Structures are given as C-alpha cells and as structure tokens.
Amino acid sequence: MLDGKVALITGAASGIGAGTARRFAQEGARVILADVQDGEGQQVLDEITGGGGQALYVHCDVSDADSVREAVETGVREFGRLDIVFANAGINGVWAPIDELQPEEWDQTIAINLRGTYLTVHFAVPHLKRAGGGSIIVTSSVNGNRTFSSPGASAYSTSKAGQVAFTRMIALELGRDGIRCNAVCPGLIHTNIEERTEHRDTEKLGIEVELPEGSPALNEGEGEPVDVADTCLFLASDLSRHVSGVEIYVDGGASLLR
Ligand code: NAD
C-alpha cells in the first residue's frame, strides 16, 4: 500500500511509533526512524532491515529545532523524497495537581508534545510540497479531547488538545498543496509510556473514573500498538485520499462510556 513512499516517524524507537514503522515497512515504505533512544531505535532498524524492509535511524529530539531540521535533511538526503510524516513522539511527563506542577515540568510536556509536532511538520512540509503532496498524521490522545478523567494530567491534556487544533489548521492550510493532515487519538495502548510517567500527589485529586462494564466491542481494555499502526496505514495511504482535518479515536470505543 505504500510502495515508493518515504515516511518519517518520530518516537519510532518504542510503542506506537515502532509498531507503525514495522507496519509501514511491511507495506513497502522506506522509513526514517527518529527518536532520542538510540539503542532502541537501532533495534527497530535492525528488525525492519533484517525482514527485508528499508529504513534508517536518526537521532532526533523533537523539541529542538536544529535536531529536527538535521533529522529531516538526513532522511531526505538518504531516500530522496518525503511523502508521509507521522508526528508521534510524546511523553506523559509529570502528572501532578496544578498548584504543585512546576513551570519547567509544564514546559517540558508542551515542548515535546506540542512544539515537537510543530517543528516536525515545519521542517517536513517543504519536502512534501516538492513531492507534490503527502499525508501528515499526528498522535494526539483521547485525553484532552474526549476523556478528562486522568488526575493531574493538565499539561498532557492541553498538549493533546492543542495537537488536534494544529491538525485542523494544517489540513486547511495545506489542502491546496495536496497535503492531508489527520490525528489519531489512542485510548490506553500497551507501550512503555506509563513507566516513564511521574505521578505525583495525584491520588488526592480523586478524579480517576472507572470504566463501566460495557459490551465486548466497547471497553475491551488496552489496545496494542498495531491497532494504532493499522489506523495510521489507512491515513498514510490513498485509501484515505478524501479524508483530511479529522481525528480518529483508536480506543475500542471506551471513551464513549465515560
Ligand atoms: P512510548 O514511550 O513507548 O514511545 C514514545 C517514544 O517517543 C519513545 O521512544 C521516546 O523515546 C520518544 N520520545 C520521547 N521524547 C522524545 C523527544 N524529545 N524527541 C524524540 N523522541 C522522543 O509511548 P507510546 O505510547 O508509543 O507514545 C507514542 C505517542 O502516543 C505519544 O505521543 C503519546 O502521547 C501517545 N499516546 C499514547 C497512549 C498510550 O496509552 N500508550 C495513549 C494516547 C496517546
């Protein structure tokens, strides 16, 4: 489905990014893997190339303009073009009551999740235009769009809601260039993100909502990275050629029950 296409994926060393990189490579894309975790990124690269896929790994901190510019240029130099951008790198950051969340903690979450999305798109767009069009996919979340029940997640939720507004604006702005932009909003997905999260003093907020019992099609618990990857494959490919400016919830319907 992606033969001849080149895809840039940020946060590609782990979880949803790694799963999507494998999926895109299986479908014929050449994949630029970008992350700060070089060892893990190298492992994903070895797995893809070992299976006959084409990829390259670049160190890239999405919150740093020079780093993103360099990563995009390195990838395009190697593969000659860019058609698909998956702005996926993100952190949960520190979850804490608002009067305890420190300014630098707020800034870090916004810098990686929101500024990182802007920087990735900013440096990639000239290459998409040169390719005559393309597809941008942004990883937002149910959190900040449909579900607001995670105690202490004010910075995270704000960044995720901001990504959806950004997605719509970019879709509007770049439609005339043949560039589509959509967001995926995962629910709970089985990745490493939770173990990197600092939960501080959130119990006392008491706003965690238990999911009510639902039908098996709803509320079926954690999804896997491949569930998001398959949705991204749809958004990256021509199957979604008439789809732009939307967010797709990949949560098994769970957020409808909240
Ligand atoms: P993950 O921690 O497994 O993977 C995230 C990757 O992003 C890691 O490899 C990490 O090194 C990378 N990263 C972090 N900061 C970076 C930076 N400054 N520059 C470049 N790379 C950086 O987590 P995941 O669950 O796969 O998360 C991917 C995206 O999905 C995030 O945007 C996250 O907010 C979103 N998301 C995840 C879930 C979930 O339940 N797992 C739910 C909703 C949204």
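Structure shown above.
Parameters at a glance
- Residues numbered from 1 in each chain as written.
- Predicted model: local features only at pLDDT ≥ 70, side-chain atom pairs only at ≥ 80, totals over all residues.
- Helix = DSSP H or I, 4+ residues; strand = E, 2+ residues; numbered from the N terminus.
- Expected span 1.5 Å × (residues − 1).
- Contact = placed C-beta atoms within 7 Å.
- Pairing = 2+ DSSP bridges.
- Axes fitted to C-alpha atoms, helices over the stretch in contact; angles between N-to-C directions.
- Near = placed C-beta within 6 Å.
- Nonpolar A, V, L, I, M, F, W, Y, C, P; charged D, E, K, R; others polar.
- Buried ≥ 20, exposed ≤ 12 C-beta atoms within 10 Å, placed from the backbone.
- Right-handed = clockwise from strand over helix to strand, strands pointing away.
- Core = buried A, V, L, I, M, F, W, Y, C linked by C-beta atoms within 7 Å.
- Parallel < 35°, antiparallel > 145°, perpendicular 65-115°, else oblique.
- Left-handed = near helix turned anticlockwise from the far one by under 90°.

Take unusual backbone geometry next. Even without being glycine, Asp201 reaches a positive phi, approximately 55°. Topologically, Asp201 is positioned in the loop between β8 (198–199) and α6 (225–236).

Over its 21 residues, helix α5 (residues 154–174) runs 30 Å from end to end, which matches the ideal 30 Å to within 8%, given 1.5 Å per residue. As for α5, its buried residues are in contact with β5 (94–95), α4 (103–130), β6 (134–139), β7 (179–186) and β9 (247–250).

Moving on, we come to the sheet that holds β9. Taken together, the seven strands give an open sheet; going across it, the order is β3-β2-β1-β4-β6-β7-β9, and neighbouring strands pair in parallel fashion. Among the strands making up the open sheet, the edge pair consists of β3 (54–59) and β9. For this sheet, the mean inter-axis angle between neighbouring strands, taken without regard to orientation, is 20°. Pairing of strand β1 (residues 6–10) with strand β4 (residues 84–87), which is carried by three bridges, proceeds in the parallel orientation. Bridging across to β4, Ile9 finds its partner in Phe86. Its contacts with the sheet place helix α2 (residues 38–50) against β2 (30–35) and β3, and it is angled at close to 170° to β3. α5 contacts β6, β7 and β9 of the sheet and is inclined by roughly 165° relative to β7.

Okay, the site of the ligand next. In the vicinity of the ligand lie 29 residues, with Gly11, Ser14, Gly15, Gly90 and Thr191 positioned nearest. Among the elements that take part in the shell around the ligand, helix α1 (residues 15–26) stands out by supplying three residues, more than any other. Of the residues that constitute the shell around the ligand, the class distribution is twelve nonpolar, 14 polar and three charged.

The element β6 is extensively covered by neighbouring structure, given that six of its six residues are classed as buried. Both β4 and β6 contribute to a ladder of four bridges, which runs parallel. Bridged to Phe86 within β6 is Ile137. Where β6 lies against β7, six bridges are found, and the strand directions are parallel. Residue Val138 lies in a different strand from β7, and its bridge partner there is Ala183. Handedness of the β6-α5-β7 crossover: right-handed.

Take the nonpolar core next. Residues Ala7, Leu8, Ile9, Ala21, Val31, Ile32 and Leu33 are the most contacted members of the largest nonpolar core, which totals 66 residues. Per-element tally for this core: the top contributor is α4, with seven residues. Every residue in contact with Ile9, bar those within four places of it in the chain, is listed here: Gly17, Thr20, Ala21, Val31, Ile32, Leu33, Ala34, Phe86 and Asn88. Counting residues in hydrophobic clusters, the runner-up holds seven residues, among them Val94, Trp95, Ala155 and Tyr156.

Now for the packing of α1 against α6. Interhelical geometry of α1 versus α6 gives an angle of 55° and a closest axis separation of 8 Å. What the angle tells us is that α1 and α6 run oblique. Of the two elements, α1 crosses α6, and the hand of that crossing is right-handed. Counting all contacts with α1, which are made through Gly15, Ile16, Ala18, Gly19, Thr20, Arg23 and Phe24, the residues of α6 involved are Pro225, Val226, Val228, Ala229, Asp230, Cys232, Leu233 and Ala236. A per-class count over the contact of α1 with α6 returns ten nonpolar, three polar and two charged.

Okay, the packing of helix α3 (residues 65–79) against α4 next. In the contact formed by α3 and α4, the axes pass within 9 Å of each other and the chain directions differ by 35°. Here α3 and α4 pass one another in a crossing that is right-handed. Contacts between α3 and α4 involve Ala65, Val68, Arg69, Val72 and Val76 from the first element and Leu119, Thr120, Phe123, Ala124 and His127 from the second.

What follows concerns the pairing of β3. Two elements, β2 and β3, share six bridges in a ladder whose sense is parallel. Residue pairing for β3: Val31 is matched across the bridge by Ala55.

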